[in-house]
2 protein chains.
Amino acid sequence: MEKKVLAELAAIVGAENVSTATSDRITHSYDATQQRFLPQVVVYAHSTAEVSAVVQLANRHRLPILPRGAGSGFTGGSLPIKGGIVLVLTRMDKIIEIDSDNLIAEVEPGVVTADLQREVERLGLFYPPDPASKEFSTLGGNVAEGAGGPRCVKYGVTKDYVLGLEVVTPSGEVIRTGGRTLKNVVGYDLTRLFVGSEGTLGIITRIILKLLPKPAAKKTMLVQFATIDGAAQAVSAIIGAKIIPTTLEFLDAATIDCIRGVSRVAIAGNCRAILIIEVDGDAEVLDRQVREILAVIEPFGILDTRIAATDAESEEIWQVRRIVSPSLRKVNPDKFNEDIVVPRSKVPEMIRALEKIAARYQVPIVNFGHAGDGNIHVNVMVDIRQPGMAETVDKVMEEIFQAAVALRGSISGEHGIGTAKAKYLDLELDPATITYMRTIKAALDPNNILNPGKIFRGDQPISPAGPAGLPA
Amino acid sequence: MEKKVLAELAAIVGAENVSTATSDRITHSYDATQQRFLPQVVVYAHSTAEVSAVVQLANRHRLPILPRGAGSGFTGGSLPIKGGIVLVLTRMDKIIEIDSDNLIAEVEPGVVTADLQREVERLGLFYPPDPASKEFSTLGGNVAEGAGGPRCVKYGVTKDYVLGLEVVTPSGEVIRTGGRTLKNVVGYDLTRLFVGSEGTLGIITRIILKLLPKPAAKKTMLVQFATIDGAAQAVSAIIGAKIIPTTLEFLDAATIDCIRGVSRVAIAGNCRAILIIEVDGDAEVLDRQVREILAVIEPFGILDTRIAATDAESEEIWQVRRIVSPSLRKVNPDKFNEDIVVPRSKVPEMIRALEKIAARYQVPIVNFGHAGDGNIHVNVMVDIRQPGMAETVDKVMEEIFQAAVALRGSISGEHGIGTAKAKYLDLELDPATITYMRTIKAALDPNNILNPGKIFRGDQPISPAGPAGLPA
């Protein structure tokens, strides 16, 4: 990268916050996809004014600029696939305000999700969105990628809690969207346009979040089923009984085989599906809800039911869910995990489709996820060093996405599109819809400097000559 | 309008669905703002294909096109201020599907909101958004204007229930956004971009809505206070006690003076504020919640409390709220009502600001609304025939909006911007934010045919020569 550009960056954020060291470039080159793309420079921002100045500089020099939180995304949203400036926002990590009267929090984008949750819970409040990454992922990343989590079925996802944003636009201006009220219909809903836009339309520098009162109590139970259909029918029966649990997690047979022996809860030999059901709310309702749930799911081949009587027992149940991901590599060394979603009632059909795909291509597919909202985490477990396996995985993925869309579902429930799913976008969206989206992107970021190459297939390099100073 | 254009329209929708009759043009010339602008032609659409073809025609001829539901909007969103084609969507009024398994409804835009509510409630389901106009306003209009209602404090507003849309774009293409799942992060959230965009970015032809299970029971109470501050402190105390009622409606002293003698509930002579509080949920919780509410609000100067024991008594309480609007004209013949919102805890400050404005300009201001979400319906009651009164009302309105924004509130909570508030947009939004919005509009609707002149001040006529065939 040209020295002049580096000097300008140093003038904005201070020399100590600009690094071209190989070690820094490597540590900011990857995310959870395990792919690597080296940026030319890593810049640490500490204020909105700095972000604005860096974006203006990137515009002048036609340099790609990649906003980055914890880099824990699953679809490549933060990868510098065209080089450029990685703009690290983790040092903008202040919780600016928790307003108990109005049930609002205002935060900088670098705040770790679980840190905010702990702070608000100390005040008897509740920030429900709970992506699995919450102990390290940042709220800025959660908002940019539209993160979800198990509690969606009752409480919704990140997008349902964002009331307002401060954003640096692709031209480097600072704008404010939404506000501090639940109601606001003043012009276009830019707030929600930014949520899930993966840093391609602006860089989020401040977030106003809606909070709820913390539920008074919760009850957790783990139910073992003889068949996946039984578990799926149980899910439908619960919702049909007008009970919306906080979480309705499922594990399929292949997943159960991975955790047998390492789970703290004993699993029956003939158990082919597990549901983890949690309800929360007023204490006097929960016991009745648990009884009602047990009554409506009773016909569906239950092998064992465990109801947590204490927090420690609830923890034991959740341990079963948490050990799933680390246990999968027992099957094969390489995991290709995808995040699809289908209407809740279509989960059994989707699982059957996945079993057929697994059989046809002779690859193990392990499924678990959020049965309550139809969000299935599909894990294709292979040894990618085997000849032809990369191509097989590609075909398997495409068939999985096609099956989800055929059931009126979606190719991404809570992980975004990024680079990983860009080539599948047109499986779900028709060309006119994609054109509508691209028209918005092109109008707002005519130089295509903000996170280029994400979401849309064949997104062009930012200029025929390539960005200034490339390659480093 | 040119005969050729009329013939083309007749070829699309049938001659019986195209009218240039004065009577039809007049009945489609106004909304609840009482302003009138004659369209050149009224067209009744029956299908998405027809809407698409009419938009393409409007594009070819550079004619303004005004999607219209019930025409009950409060800010001029459906007014044909630049003439053109009023496209009536009330005949696209089918409830296409109510899917109890997945808690989803799919409807055409012309379905009346309360009709859907009754249909889903027959199945034990619940569509919470409840604008006051729900017995006649359409879901398409609710979505386009971002309608709200009293239940927002607990259940949110229209935007929180829209999962997906079918939309005809400004170029006449049909796109689908979102879908039938709670989770979906595939590209930009166009669904929410359309919600509240007032028909300026596309015409909604189909809507997928989220439903909830119907709450088992509800309890309604009406509490009379000696002061508005007492009522406001009571609201804060309820939320502070972690109770989120379904509705928390307030009436100020000036409102109470209007309904004295006509309300079925006897109002104490020294009553200066009323709260109508409703809680819903599981029956076993409600009695305790009512007791808790009564305990926490007790210190704040209560004159009388009535708790409905039956549905009929609950009706009696809601009658008090419903007679407010028709009773206001006792004060003065002309009502200028605005819809502002402030953070919940700022309601007393806002009421005091309104009292000062009323005193300074010597005009009665009557306030009621949704205390739970800070949404205040401000009614400036005047006799507009008095000399200088129109200018006074203008100044009063501007001061009201400034006061709301100064308290970090908004100039529109649930009525949109339309034509009525366009000139106040920059009180709330900074120029860069407005530019960002206008960039989107200009890119997607370069000919500015879709509902021109709305939201943004000084929106230009669609072409220097004016639309084809103007003036009629």
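For clarity, every value in this text was computed on a predicted model and none was experimentally measured.

Cut-offs used in this document
Residues numbered from 1 in each chain as written. Chains lettered and ligands numbered in written order. Predicted model: local features only at pLDDT ≥ 70, side-chain atom pairs only at ≥ 80, totals over all residues. Heavy atoms only, no water. Least-squares fit on C-alpha atoms with pLDDT ≥ 70 in both. Contact = heavy atoms within 4.5 Å. Buried area = accessible area lost by both parts, 1.4 Å probe. Salt bridge = Lys/Arg side-chain N within 4 Å of Asp/Glu carboxyl O. Polar contact = N/O pair within 3.5 Å; in protein donor to acceptor, adjacent residues only side chain to side chain. Helix = DSSP H or I, 4+ residues; strand = E, 2+ residues; numbered from the N terminus. Axes fitted to C-alpha atoms, helices over the stretch in contact; angles between N-to-C directions. Parallel < 35°, antiparallel > 145°, perpendicular 65-115°, else oblique. Left-handed = near helix turned anticlockwise from the far one by under 90°. Domains from an automatic or database assignment. Nonpolar A, V, L, I, M, F, W, Y, C, P; charged D, E, K, R; others polar. Expected span 1.5 Å × (residues − 1). Buried < 20%, exposed > 50% of the residue type's maximum accessible area, 1.4 Å probe, protein only. Pairing = 2+ DSSP bridges. pLDDT = per-residue confidence, 0-100. Core = buried A, V, L, I, M, F, W, Y, C linked by side-chain atoms within 4.5 Å. Patch = residues over 30% accessible without salt bridge, like charges linked within 9 Å, V, L, I, M, F, W, Y side chains within 5 Å. Areas by Shrake-Rupley, 256 points an atom, 1.4 Å probe, with all protein chains shown as cover.

**Quick notes on the relation of the copies chain B and chain A**
Then comes step 1: Take chain B, turn it by 180 degrees, move it 0.0 Å along the axis, and it overlays chain A with an RMSD of 0.0 Å. Expressed as an axis order, the relation between the two copies is that of a two-fold axis.

**A look at the interface of chain B and chain A**
Note: interface size is frequently given as the accessible area lost on complex formation between the parts.
Then comes step 1: Contacts between the two partners involve 83 residues from chain B and, on the opposite side, 83 residues from chain A.
Then comes step 2: Carbon and sulfur atoms supply 60% of the area buried between chain B and chain A, which totals about 6900 Å² over both sides.
Then comes step 3: Area buried by chain B at its contact with chain A is led by B:K183, B:Y188 and B:Y436, which between them contribute 15% of it.
Then comes step 4: Linking chain B with chain A are 14 salt bridges.
Then comes step 5: With a closest N to O distance of 3.0 Å, A:D373 and B:K183 form a salt bridge.
Then comes step 6: Across the contact surface, chain B and chain A share 32 residue pairs in polar contact (both at pLDDT 80 or more).
Then comes step 7: Elements with a minimum of two residues in the side of chain B that touches chain A: α6 (152–155), β9 (174–178), α7 (190–194), α10 (283–297), α15 (425–428) and α16 (431–444) of chain B.
Then comes step 8: Of all the elements, α16(B) adds the most residues to the side of chain B that touches chain A, at nine residues.

**What about unusual backbone geometry?**
All names here are of chain B.
Then comes step 1: Although it is not a glycine, L103 sits at a positive phi angle of roughly 55 degrees.
Then comes step 2: With respect to the secondary-structure elements, L103 resides in the loop between β5 (95–99) and β6 (104–107).
Then comes step 3: If you check the backbone angles, I455 has positive phi at about 70 degrees while not being a glycine.
Then comes step 4: By the secondary structure assignment, I455 is in the segment after α16.

**Describing the packing of helix α16 (residues 431–444) of chain A against α16(B)**
Then comes step 1: Contact geometry of α16(A) with α16(B) gives a least axis separation of 9 Å together with a crossing angle of 130 degrees. By the angle between their directions, the pair α16(A) and α16(B) is classed as oblique. Crossing angle aside, the handedness with which α16(A) passes α16(B) is right-handed. The residues of α16(B) that touch α16(A), namely those facing A:Y436, A:T439, A:I440, A:A443 and A:L444, are B:Y436, B:T439, B:I440, B:A443 and B:L444.

**With respect to the domain arrangement of chain A**
Residues and elements named next belong to chain A.
Then comes step 1: Under the domain assignment, chain A is made up of domain 1 (3–90), domain 2 (95–213), domain 3 (217–325) and domain 4 (331–418).
Then comes step 2: Between the C-alpha centres of domain 1 and domain 4 the distance comes to 33 Å.
Then comes step 3: The interface is formed by four residues belonging to domain 1 together with five residues belonging to domain 4.
Then comes step 4: Interface area for domain 1 against domain 4, summed over the two sides, is near 350 Å², with a carbon-plus-sulfur share of 56%.
Then comes step 5: When the buried surface of domain 1 facing domain 4 is broken down by residue, F74, T75 and G77 rank first, second and third, together holding 99% of it.
Then comes step 6: Counting the contacts that link domain 1 with domain 4 gives zero salt bridges.
Then comes step 7: Put simply, domain 1 and domain 4 have one residue pair in polar contact (both at pLDDT 80 or more) between them.
Then comes step 8: Here the side of domain 1 that touches domain 4 is built from residues that sort into one nonpolar, three polar and no charged.

**Some words on α10(B)**
Then comes step 1: Spanning 15 residues, α10(B) covers 22 Å between terminal C-alpha atoms, matching the ideal 21 Å at 1.5 Å per step.
Then comes step 2: All of the buried residues along α10(B) are B:V285, B:L286, B:R288, B:Q289, B:V290, B:I293 and B:I297.

**Things to note about the sheet that holds strand β13 (residues 247–252) of chain B**
Residue and element names in this part refer to chain B.
Then comes step 1: Spatially, seven strands are ordered β15-β12-β14-β13-β17-β18-β16 in an open sheet, and the strand pairing comes out antiparallel. On the outer flanks of this sheet lie β15 (302–307) and β16 (334–341), each paired with one strand and no other. Strand-to-strand twist in this sheet, taken as the mean axis angle between neighbours without regard to direction, amounts to 15 degrees.
Then comes step 2: Of the strand pairs in this sheet, β13 and strand β17 (residues 365–370) are connected by three bridges, and their pairing is antiparallel. Note on β17: the bridge partner recorded for L251 is F368.
Then comes step 3: The strands touched by helix α8 (residues 228–240) are β12 (217–225), β13 and β14 (273–281); relative to β14, the strand with the most contacts, the crossing angle is about 20 degrees.
Then comes step 4: Running over the sheet, helix α13 (residues 347–361) touches β13, β16, β17 and β18 (375–382) and is turned about 160 degrees from β17.

**Digging into the environment of A:G416**
Then comes step 1: Its location among the elements puts A:G416 in the loop between α14 (389–406) and α15 (425–428).
Then comes step 2: Considered as a pair, A:G416 and A:G196 are 220 residues apart in the sequence and their alpha carbons are 6.8 Å apart.

**Overview of the confidence of the model for chain A**
Then comes step 1: With 97% of its residues at a pLDDT of 70 or more, chain A has an overall mean of 94.
Then comes step 2: Note on residues 460–472 of chain A: pLDDT under 50 across the span, and 27 contacts to partners over four residues away in sequence or across chains.

**Examining the nonpolar core**
Then comes step 1: Within the largest apolar cluster, 178 residues are counted, with the highest numbers of intra-cluster contacts made by A:I400 and B:I400.
Then comes step 2: By size, the runner-up hydrophobic cluster in this structure holds 24 residues, among which are A:L6, A:I65, A:M92 and A:I203.

**Overview of a nonpolar patch on the surface**
Then comes step 1: A surface patch of nonpolar side chains, amounting to about 230 Å² of accessible area, comprises A:I26, A:Y30 and A:L38.
Then comes step 2: Mapped onto the elements of the fold, A:I26 is located in helix α2 (residues 22–27).

**Here's the deal with the pairing of strand β14 (residues 273–281) of chain A**
Residue and element names in this part refer to chain A.
Then comes step 1: Counting buried positions along β14 gives nine out of nine residues, so the element sits mostly inside the fold.
Then comes step 2: Alternating residues of β14 divide into A273, L275, I277, V279 and G281 and I274, I276, E278 and D280, and every residue in both groups is buried.
Then comes step 3: Summarising the sheet, strand β12 (residues 217–225) and β14 pair through nine bridges and their orientation is antiparallel. The residue bridging K218 from the neighbouring strand is D280, located in β14.
Then comes step 4: In the sheet, strand β13 (residues 247–252) pairs with β14 via six bridges, with the strands oriented antiparallel. In the strand pairing of β14, F250 is matched with L275.

**Focus on the pattern of salt bridges**
Residue and element names in this part refer to chain A.
Then comes step 1: In the structure shown here, the tally under the stated rule is 69 salt bridges over all chains.
Then comes step 2: Note that E106 and R206 form a salt bridge whose closest N and O atoms lie 3.0 Å from each other. A residue pair is termed long-range when its members are at least 10 positions apart, and E106 in strand β6 (residues 104–107) and R206 in strand β10 (residues 203–210) qualify at 100 residues.
Then comes step 3: Look at E106 and you get buried, because its relative accessible area is 6%.
Then comes step 4: The residue D130 makes a salt bridge to R151 at a minimum N-O spacing of 3.6 Å. Of this pair, D130 sits in the loop between β7 (125–126) and α5 (139–145) while R151 sits in the loop between α5 and α6 (152–155); the two residues are 21 residues apart in sequence, bridging distant segments of the chain.

**Focus on the sheet that holds strand β5 (residues 95–99) of chain A**
All names here are of chain A.
Then comes step 1: As summarised here, the arrangement of the five strands in space is β5-β6-β10-β8-β9, forming an open sheet in which the pairing is antiparallel. Each edge of the sheet is formed by a strand with only one pairing partner; in this case those strands are β5 and β9 (174–178). Along the sheet, successive strands turn relative to each other by an average axial angle of 10 degrees, direction set aside.
Then comes step 2: As defined by bridge partners, β6 adjoins β10 across four bridges and the pair is classed as antiparallel. Across the sheet, E106 pairs through a bridge with I208, a residue of β10.
Then comes step 3: Sitting on the sheet, helix α4 (residues 113–122) touches β5, β6 and β10, and the angle it makes with β5 is about 35 degrees.

**A word on the pairing of strand β18 (residues 375–382) of chain A**
Residues and elements named next belong to chain A.
Then comes step 1: Here β18 lies mainly inside the structure; eight of its eight residues are buried.
Then comes step 2: Because side chains alternate across β18, one face comprises the buried residues N375, H377, N379 and M381, and the other comprises I376, V378, V380 and V382, equally buried.
Then comes step 3: Sheet analysis places strand β16 (residues 334–341) next to β18, joined by eight bridges and oriented antiparallel. Opposite V341, over in β18, you have N375 as the bridge partner.
Then comes step 4: Of the pairings in the sheet, the one linking strand β17 (residues 365–370) to β18 comprises six bridges and is antiparallel in character. Within β18, the residue paired with I365 across the bridge is V380.

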